[in-house]
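# Structure at a glance
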Amino acid sequence: MSIRFHRLGKSEEDKAAMSRRMFLMTTTMAGVTTNAMLGGTAFAASDVLTQAQSTSLLRMVQDIYPHPDILQLSHYQAIATTVMNNAEANEDMAKGLTDGLDQIDAKAQELHGVPYVEIEDPDAREGLLRHFQHEGFFQGVRWTAYFGIYDNKDVWPLLGYEGSSAEHGGYIDRGFSDITFVPEGPTLEERLADVQS
Amino acid sequence: MTQFDLNDDSVVVIIGSGAGGGTLANELAQKGIKSVVLEAGKRFDLSDIENDEWAMFQKISWLDKRYSGGGWHGAVNHPTLPAWIVKGYGGSTIHWAGVALLFKDFEFKTRTNYGAIEGANVEDWPIDLEEMTPWYEKAELKMGVTGKTTGMPHLPWNNGFRVLAEGCRRTGRSDYRSGPMAINSVDRDDRPACQQIGFCMQGCAIGAKWSTMYTELPRAEDTGKCEIRTDAMVLKIEHDETGKASAVVYADKDGNQFRQKARVVCVAGNSIESPRMLLNSASSMFPDGLANSSGQVGKNYMNHTTGGVYAVLPEKVHMYRGTSVAGVVGDEVYHDPARGFSGGYYLEFLSLGLPFMAAFLEPGNTGWGRSVTRALEGYDRMSGVWVLGEDLAQERNAITLHDSEVDQHGLPVPIISKTPHNNDYEMTAHMYETTAQIYESVGATDVYELPAYPATHNMGTNRMHADPTKGVVNAYGQSHDIDNLFVSDGSQFTSSAACNPTLTIVALAIRQAEYIAQEMNAQNI
Ligand SMILES: Cc1cc2nc3c(=O)[nH]c(=O)nc-3n(C[C@H](O)[C@H](O)[C@H](O)COP(=O)(O)OP(=O)(O)OC[C@H]3O[C@@H](n4cnc5c(N)ncnc54)[C@H](O)[C@@H]3O)c2cc1C
Ligand code: SF4
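Position labels on residues start from 1 in each chain and follow its written sequence. For naming, the first written chain is A and the first written ligand is 1, with later ones following in the order written. A pLDDT threshold of at least 70 governs which residues receive local features in this predicted model, and a stricter bar of 80 or more applies before side-chain atom pairs are shown or counted, although totals over entire chains, interfaces and linings include all residues. As a rule here, side-chain values come from all non-hydrogen atoms in the structure, and water together with hydrogens is ignored.

Where an unreviewed UniProt entry is consulted, chain B appears under the name Fructose dehydrogenase large subunit, with the organism given as Pelagimonas phthalicica. Under the heading Sequence similarities (unreviewed entry), UniProt records this for chain B: "Belongs to the GMC oxidoreductase family." UniProt positions are given in the numbering used here, feature names are shortened, and annotations may be inferred rather than shown by experiment.

The name recorded for chain A in an unreviewed UniProt entry is Gluconate 2-dehydrogenase subunit 3, from Pelagimonas phthalicica.

## Considering the site of ligand 1
Residue and element names in this part refer to chain B. For this purpose, a residue is taken to be near a molecule or strand whenever a single non-hydrogen atom of the residue falls within 4 Å of it. Taken together, 40 residues sit near ligand 1, with Gly20, Glu39, Ser92, Asn270 and Thr502 positioned nearest. Counted as a polar contact is a pair of N or O atoms within 3.5 Å, where, for protein atoms, one must be capable of donating a hydrogen and the other of accepting one, and residues adjacent in sequence contribute only when both atoms are in side chains. Between ligand 1 and Glu39, the relevant distance is 2.6 Å, taken from an oxygen atom to a side-chain nitrogen or oxygen of the residue. Here the open area of atoms and residues is found with the Shrake-Rupley method and a 1.4 Å probe, where only the protein chains shown may cover a residue. Against a free-state accessible area of 990 Å², the protein chains account for coverage of 99% of ligand 1. By the criteria applied, helices consist of DSSP H or I runs no shorter than four residues and strands consist of E runs no shorter than two, each listed in order from the N terminus. Those elements giving two or more residues to the shell around ligand 1 turn out to be helix H1 (19-30), strand E6 (233-239), helix H9 (270-280) and helix H13 (502-521). Take the shell around ligand 1: its biggest share by element is three residues, from H9.

## What to know about the interface of chain A and chain B
Residue contacts follow a heavy-atom distance rule, with two residues in contact if any of their heavy atoms lie within 4.5 Å. Counting residues at the interface gives 79 residues for chain A and 87 residues for chain B. In total, about 7300 Å² of surface goes out of reach between chain A and chain B, with carbon and sulfur atoms giving 55% of it. Whenever Lys or Arg places a side-chain nitrogen within 4 Å of a carboxyl oxygen from Asp or Glu, that contact is recorded as a salt bridge. The interface formed by chain A and chain B holds six salt bridges in total. Across the pair Asp52 of chain B and Lys153 of chain A runs a salt bridge, and its minimum N-O distance is 3.0 Å. The tally of links from chain A across to chain B stands at 42 residue pairs in polar contact (both at pLDDT 80 or more). Defined in terms of a 1.4 Å probe, buried area is the accessible area two parts forfeit on being brought together, summed over both.

## What about the confidence of the model for chain B?
The share of residues in chain B with pLDDT of 70 or more is 100%, and the mean pLDDT across the chain is 97. Prediction confidence for the complex, expressed as pTM and ipTM, is 0.94 and 0.93 respectively. Looking at any residue, its pLDDT shows the predictor's confidence there, from 0 to 100.

## Quick word on the side chain of Ser35 of chain B
Residues and elements named next belong to chain B. Among the secondary structure elements, Ser35 is positioned in strand E2 (residues 35-38). Think of it in three bands: residues with accessible area under 20% of the maximum for their type are buried, residues over 50% are exposed, and the middle band is partly exposed, with areas taken using a 1.4 Å probe on protein chains only. You can call Ser35 buried: its relative accessible area is 0%. Residues in contact with Ser35, not counting those within four places in the same chain, are Phe4, Val11, Val12, Ile14, Ala25, Lys225, Cys226 and Glu227.

## Here we look at the site of ligand 2
Taken together, Ile183, Cys194, Gln195, Gln196, Ile197, Gly198, Cys200, Cys204, Ile206 and Thr323 of chain B make up all the residues around ligand 2. Gly falls in the polar group here, along with every residue not listed as nonpolar (Ala, Val, Leu, Ile, Met, Phe, Trp, Tyr, Cys, Pro) or charged (Asp, Glu, Lys, Arg). The residue makeup of the shell around ligand 2, split by class, is six nonpolar, four polar and no charged.

## Structural notes on the sheet that holds strand E15 (residues 412-417) of chain B
Residue and element names in this part refer to chain B. Strands are treated as partners if at least two bridges between them are detected by DSSP. A sheet is described by the order of its strands in space; here three strands give the open sequence E3-E15-E14, paired in mixed fashion. Here the strands that pair on one side only, and so sit at the sheet edges, are strand E3 (67-69) and strand E14 (399-406). Averaged over all neighbouring strand pairs, the angle between strand axes comes to 35°, with direction disregarded. Strand direction decides the pairing type here: E3 and E15, joined by three bridges, are parallel. Its bridge partner lying in E15, Ser68 is registered against Ile416. Fitted lines through C-alpha atoms give the axes, limited to the stretch in contact for helices. The angle between two N-to-C directions lies from 0 to 180 degrees.

Next comes the structure, spelled out in structure tokens:
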């Protein structure tokens, strides 16, 4: 069936103005989600993970949500610590995590001949992790990282989000309409005329 | 506060305190008609409102067990969250964004205007725009909707909407404005003007946006004619030997059960729980559930054909500053089969906070990695829309009961099935293309297309029809089978139209209150 637009055909200039359009959702597999909330503890040694596993976990958290220019290592360490603390409190989770990290390393050896943390190309590391993205342990780490970054009030300003505004009287006097690259909206008089004509 | 006796069989029992139930309760109360509102959730007030997306979601959402089914992506990516609905005093009018659009004339008569569509179950409403216009006006005045009826100007334009509006202008569109919204742009009706706080969908912290939580419900209680019981989950509607509704059985938060007698029962639990209640109330006289001689209870579930589009602009936008849905584009709301689909759609500017953007940009297991973080690093340069269009009724899209799993009250868990029609795929492609063109005209560098969110607009599962074999209720929301049983929420909708449903739900509730009063006076019910 044809789709018609009430817009003129594309000129060369328009084609040059085309944006990159993306539909990011790629696969649909049944998922595990956890809402593990974060404690703000520092990266510490763990009773359940070996040193090598801890290092892998830290690398994994960074590869899941890489923001190398925006986040500090300490942000990722806090997330890895939360994952380890959760695992320490739950035997099944600990087993899932340690087995999972071992499987990642085994797959890394199989595909790249080195442990996961020694793969240099970030795309290759992401590609490796994609093999595990439907596993419970992976999604557990992923959602912990999600909450630790995107639901973390300390991180919000780094990503340009200001959070709660009611206590500051909203944005009415704080830039709700302050951009300059497009025209201003109608004035109050114009908006009144629009509804009273 | 007024209290009615459980054995008082002169009261109207209203189930649910949201847009439909809350409005109906206040309208009846103002006419002196006694009612008991049973609300499954807690009592909330303005002090419960926080500017925090997940905190509010956790605090007020309906999180009882539910399953997503059918062919939409949510059956996999949102397996236990088919819909986003509030459980509490005020219902989903706490979360709602405030867009208050009315149906177009052709949208009431979809069967006549679209014809029979293969795979769909499209029908005409037994009412039309002319009949509804005075009720829409009453609803606009009640809710305080910006626009001609109230004379309240539409809201000032925020950054995110200014970008969208400029794109509309550059692509030759003309129908884009910052309303109609049920949000005060000036102080009105004892509520303040909007302060551009944002977080409208987490509840308006100052009450500038209409919600039954601080308008209809307390006003109904103030008359002394209405008792609102919270933490009161209705399990079953009972009937007498003549087949009339006679009582409602509910459980309090500790699981203690009570039976409230009733003269009239009005169901307003939103379009998943309302049919579920009717199905769960099956008896030997009504083995398929109450009011279900047509077999249409729970069928024809509609939740709009939707998606999201977020564009990254060359400069900062800070779209989260100010009203969450700051403007509406109506140019695409017309029916022209040459577009490849029936019905029309709106583009509504919608800001998401960073937490929700990061969760919904790419929902499901795959939403991580460099493509996601790269997109999120453009968060403060984004403007975007929620696109929503007509969703055709289909019998297979339905609320059904799980055959073995039960919830905390022992009731079968509902399964909410939604499989898009070809019409939806055609329309969605058109929506994405149109929106991308608009944003490209203002210099967007990246445009992200998001799949449907868990449904916020839920409709059609107890639909109106003039013919009792094709619908559950008549033109007043009165069930065809049981005269004193009414449906008072969006489950009455025969078609979804392109627009957000709440203004129509409120208009129908005001009209229904008038009808109930008349029928009670005439001793017909
Ligand atoms: C985030 C969000 C944004 C939205 N934005 C808009 C918008 O901009 N414009 C618009 O028009 N609409 C919007 N909506 C939709 C709007 O909120 C709903 O259409 C409207 O509130 C539905 O009214 P209702 O009376 O059918 O149900 P609700 O308002 O959902 O109320 C139903 C109530 O019934 C209660 N209940 C259910 N079952 C039982 C039971 N068994 N016993 C007792 N109580 C029960 C529930 O707890 C709930 O409180 C939005 C919704 C959401 C979630
Ligand atoms: S933007 Fe306006 S309506 Fe929305 S929450 Fe803030 S004050 Fe309320």
